[in-house]
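Descriptive analysis of the structure
The chain contents come next:
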Amino acid sequence: MGQPLRLLSSRTQNRKQNLRLALTRVRARVSFWLYENDLCQKGLSVTIPSCLCRTQCLTNLPSLLINTIQTMPFGILDPKLAAHERVPGTVHLYEAIHGVDQFASANLKREGNVILVPQPSDSPNDPLNWSTRKKDFVLFIICLESIMASTVSPILASSTIVLVLYFRENFQRIALLTGWHLVGAAIASVFVTAIFVKYGKRFPYVFASAVLVGSSVWAALATSYKSLLGARILQGVALAPFEVAVFASVGDMYFVHQRGVRLALVSLSIFGTTFLTPIITGTITKSMGWHWMFWFVVIFSSVTLVLVILFVPEHVYNRDKRLNTDVVGEEIAAEAPLDSIANSDVADDDKEKAPSAGHHEEKESYLHSLRLFSGSKTARPLWKIFLRPFALFLHPAIIWGCLTQGTLIAWTALIGVVLAAVFMGPPLWFNEVKVGYMYTGAFVGAIVGFVLAGVLSDFCAKWLSRHNNNIYEPEFRILLVIPQMICGCIGIWGFGYISSDMYRYSQYLPPFFFGLETCGMILGAVASASYITDAHRDIQIEAFVSMLLFKNLFSFALTDRAYPWLLESGVKKVFTIIGAVQLAVSVGTLAFWIVGKWNRYIMHKYDLLRILHLE
């Protein structure tokens, strides 16, 4: 009886082993078939011989993957694609001056020998068709309001000791008046994003401008710590739309070759001019009292509120999907005439608002442009829009943008704590006016950073494009990280080293190094914003929300723990550490320069938001 059972058990085990072997072979064949099919879709003629065994195929797989990548000029890895394919963000920026260009017969609109990217529609209401003067005027007003909204972030920097004495609170709780302000901006950004994407930008701009006036009145009337804290959080809500959407507004109104200087101006408005605030508010606090800092914000923000209402129309426009050549490529735009818009190629979630084929739009009147809402811009549910920024924390380009922009901005918050804690004590015993003057170097550095970014961003993009067969790659924008690394790291280390021993060094050296740090901050902000705008314009709003969340929450953490950290480790050691962190972030950009285009291709092919059903 035992022997038959053993034979039966042996046969069963053999059958199981044969079944496992058969399944293994099937999986291997299916995997290699999928891989071969994927290569064929790219226009490659790579075949995996059926005679190869599983081990040999797995051994050769790395070499096959390497064969799908080629190196472009300047060291950028380029996925091998069929001749008709393009990676989103890669565009043909110039026509060939000599010889026959492969796009010479394409039905694309141009400005001289520069191909317009994205392609404008024929509608007079398309912001891309507005005159440059009108675009610049609208952007100028938005930047003015951005300055007012950003002003309230560091408004307490030079008055910290005054508020400690007024409210009888410790230094750390007064510092958190700025920290919680940033948290308010971070939380609000998630909600305003849904409004931006769903209903456009005009209403959030007007609403935020009104909230800024109201919250500043509240702050000016505050007589308790909790009351001022509530006003500060609400001021953060007013700040959020401008930190999130102004960069995207540049992408809405301008072509790729026009964005560099404008993005530099936006970065200066949001990040750079904030360093002028403590210089002014220190004097106001000493001569008029700290409440008057907020009354001046009320006065000037009321003026900019009127300007926003009267002169900032809606500039989100649903043009044909094919015209967004920085997203879909020139070939798709060139397939159909641009004198009409074919609704069939518009994305499904935009069909409800896109003009129909052959429809001629009348230019809307000025009064009509003043309406707060111009209808829904997408059929995507609000809950999906709400979740999309969180999903993008898995996106390599967004992670890079968070680190490149967010770290140096957070270090400026830490420097502000040092200025208030160290320079108001021995041996300098600065009052609020002198502490405010310490921000002069930072403001000058921001101006220098603006000039450098404005000159270098577009120049590098155009020069590198001409030396890349007239092809523009968004990675050309991130060269600004090189001067960012030099200025930022020298500024951080120099400020920490000098500030740790003010008995020995001149009081004029810390503002100089602070200026270098802010110069690097502006360069990094322009590099990250311009890259995201050019490489991932279809998700730019959500991307800027993700970057804002990281920046503000990281700054809040530093604000909360900065004072104990400085007491425990000392200024020199703290700034040595953060300088090393900044160097690592900047050096890491070199890897992103190399793999950035490959990442764009992968993220387009395997859309993260589509995989998570948030498209």
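Report follows, based on the coordinates.

Conventions we followed
- Residues numbered from 1 in each chain as written.
- Predicted model: local features only at pLDDT ≥ 70, side-chain atom pairs only at ≥ 80, totals over all residues.
- Heavy atoms only, no water.
- Helix = DSSP H or I, 4+ residues; strand = E, 2+ residues; numbered from the N terminus.
- Buried < 20%, exposed > 50% of the residue type's maximum accessible area, 1.4 Å probe, protein only.
- Contact = heavy atoms within 4.5 Å.
- Areas by Shrake-Rupley, 256 points an atom, 1.4 Å probe, with all protein chains shown as cover.
- Expected span 1.5 Å × (residues − 1).
- Axes fitted to C-alpha atoms, helices over the stretch in contact; angles between N-to-C directions.
- Parallel < 35°, antiparallel > 145°, perpendicular 65-115°, else oblique.
- Left-handed = near helix turned anticlockwise from the far one by under 90°.
- 1 Å grid on protein atoms, 1.4 Å probe; cavity = no way out; pocket = protein on both sides within 12 Å on 5 of 7 lines; lining within 4 Å.
- Points joined across faces, edges and corners; volume = space filled by probe spheres on them.
- Nonpolar A, V, L, I, M, F, W, Y, C, P; charged D, E, K, R; others polar.
- Salt bridge = Lys/Arg side-chain N within 4 Å of Asp/Glu carboxyl O.
- Core = buried A, V, L, I, M, F, W, Y, C linked by side-chain atoms within 4.5 Å.
- Patch = residues over 30% accessible without salt bridge, like charges linked within 9 Å, V, L, I, M, F, W, Y side chains within 5 Å.
- Polar contact = N/O pair within 3.5 Å; in protein donor to acceptor, adjacent residues only side chain to side chain.
- Phe/Tyr/Trp six-rings, centres within 6.5 Å; stacked < 30°, edge-to-face > 60°.

Overview of the overall build of the chain
- Of regular secondary structure, the chain possesses 22 helices and six strands.
- The buried share of the chain, taken over its 615 residues, is 55%.
- Relative to all contacts within the chain whose residues are 6 or more apart in sequence, the contacts with residues 24 or more apart total 80%.
- Total accessible area computed for the chain in this model is approximately 26300 Å², and 65% of it derives from carbon and sulfur atoms.

A closer look at helix H10 (residues 291–311)
- Here H10 spans 31 Å end to end across 21 residues, near enough to the 30 Å set by a 1.5 Å rise per residue.
- Regarding H10, the residues found buried are Met293, Phe294, Val297, Val298, Ser301, Thr304, Leu305 and Val308.
- On its buried face, H10 sits against helix H3 (132–151), helix H6 (202–221), helix H7 (225–253) and helix H9 (277–288).

Quick word on the packing of helix H15 (residues 396–422) against helix H20 (residues 540–569)
- Look at H15 against H20: their axes get within 8 Å of each other, and the N-to-C directions meet at 30 degrees. Taken as axis vectors, H15 and H20 run roughly parallel relative to one another. The handedness of the crossing between H15 and H20 is right-handed.

A word on the side chain of Ser153
- Tracing the chain through its elements places Ser153 in the loop between H3 and helix H4 (160–167).
- Take Ser153: its relative accessible area is 13%, and that puts it in the buried class.
- If we ignore the near neighbours within four places in the chain, the residues touching Ser153 are Thr178, His181, Leu182, Arg232 and Leu239.

Observations concerning H3
- Taking 1.5 Å per residue as the helical rise, H3 with its 20 residues ought to reach 28 Å, and the 28 Å between its terminal C-alpha atoms agrees with that figure.
- Of the residues making up H3, those classed as buried are Lys135, Val138, Leu139, Ile141, Ile142, Cys143, Glu145, Ser146, Met148, Ala149, Ser150 and Thr151.
- In this structure, the buried side of H3 is in contact with H6, H7, helix H8 (259–272), H9 and H10.

Examining the environment of Leu523
- Take Leu523: it is sitting in helix H19 (residues 509–535).
- When the C-alpha positions of Leu523 and Leu479 are compared, they lie 9.7 Å apart, and in sequence the two are 44 residues distant.
- Setting aside its immediate chain neighbours within four residues, Leu523 contacts Gly449, Leu452, Ala453, Leu480, Pro483 and Gln484.

Details of empty space enclosed by the protein
- Applying the stated criterion to the full structure yields three cavities of 30 Å³ or more.
- As a volume, the largest cavity reaches approximately 580 Å³.
- In terms of lining, the largest cavity is formed by 30 residues, of which the most central are Ser153, Pro154, Thr178, Thr412 and Ala413.
- Put simply, the parts of the chain that give the lining of the largest cavity at least two residues each are helix H5 (171–199), H7, H8, H15 and H20.
- At six residues, the largest contribution of residues to the lining of the largest cavity is made by H15.
- Across the lining of the largest cavity, the residue classes break down as 18 nonpolar, 10 polar and two charged.

Digging into the pattern of salt bridges
- Taken as a whole and judged by the stated rule, the model has 15 salt bridges.
- Across the salt bridge formed by Arg600 and Glu475, the nearest N and O atoms sit 2.7 Å from each other. Pair noted here: Arg600 is in helix H21 (residues 571–605) and Glu475 is in the loop between strand S6 (471–472) and helix H18 (481–499), with a separation of 125 residues, a long-range link.
- Beyond isolated ion pairs, a larger network of salt bridges with shared partners links Arg259, Asp458, Arg477 and Asp534.

Quick notes on the nonpolar core
- Core analysis: the largest hydrophobic core is formed by 144 residues, its most contacted members being Tyr205, Phe294, Phe495 and Phe575.
- Other than its neighbours up to four places away in sequence, Phe575 contacts Leu414, Ile415, Val418, Ile492, Trp493, Phe495 and Gly496.

Concerning a nonpolar patch on the surface
- Judged by side-chain polarity, Phe137, Phe140, Val306, Ile309, Leu310, Phe311, Tyr366 and Leu367 come together as a nonpolar surface patch covering roughly 740 Å² of accessible area.
- Elements represented by at least two residues in the nonpolar patch include exactly H3, H10 and helix H13 (366–369).
- With four residues, H10 is the largest single contributor of residues to the nonpolar patch.

Regarding unusual backbone geometry
- A cis amide bond links Val117 with the next residue in sequence, Pro118, at an omega value of -5 degrees.
- By secondary structure assignment, the location of Pro118 is in the loop between strand S5 (114–115) and H3.
- A positive phi angle, close to 55 degrees, is found at Arg168, a residue other than glycine.
- When you line up the elements, Arg168 lands in the loop between H4 and H5.
- Despite not being glycine, Asn470 has its phi angle at roughly 65 degrees, a positive value.
- A relative accessible area of 12% means that Asn470 is categorised as buried.

Comments concerning the side chain of Ser216
- With respect to the helices and strands, Ser216 occurs in helix H6.
- For Ser216, the side chain forms a polar contact with the main-chain oxygen of Leu212, separated by 2.8 Å.
- In this structure, Ser216 is in contact with Gln235, Phe294, Val297 and Val298, ignoring residues within four places of it in sequence.

Examining the environment of Trp400
- Its place among the elements puts Trp400 in helix H15.
- On the accessibility criterion, Trp400 (6% relative accessible area) is buried.
- Considering only alpha carbons, one finds Trp400 and Ser586, 186 residues apart in sequence, at a separation of 9.8 Å.

Some details on the packing of H8 against helix H17 (residues 440–466)
- At their nearest, the axes of H8 and H17 sit 7 Å apart, and the two run at 165 degrees to each other. It follows from the interaxial angle that H8 and H17 lie roughly antiparallel. Both H8 and H17 take part in a crossing whose hand is right-handed. In contact with Arg259, Gly260, Val261, Ala264, Leu265, Leu268 and Gly272 of H8, H17 contributes Phe443, Ala446, Ile447, Phe450, Ala453, Gly454, Ser457 and Asp458.
- Taken together, the residues of the contact of H8 with H17 sort by class into nine nonpolar, four polar and two charged.

Things to note about the packing of aromatic side chains
- According to the stated counting rule, one finds 32 aromatic pairs in the structure shown.
- When the ring of Phe191 is compared with that of Phe386, the centres are 5.3 Å apart and the planes differ by 50 degrees; the resulting orientation is tilted. On the criterion of sequence distance, the pair formed by Phe191 in helix H5 and Phe386 in helix H14 (residues 382–391) is long-range, its members being 195 residues apart.
- Classification of Phe191 as exposed rests on a relative accessible area of 51%.
- According to the relative accessible area criterion, Phe386 is partly exposed, its value standing at 27%.
- Here the aromatic rings of Phe495 and Phe514 are separated by 6.1 Å at their centres, their planes lie at 55 degrees, and the arrangement is tilted. Taken together, the residues span a long stretch of sequence, with Phe495 in helix H18 and Phe514 in helix H19 at a distance of 19 residues.

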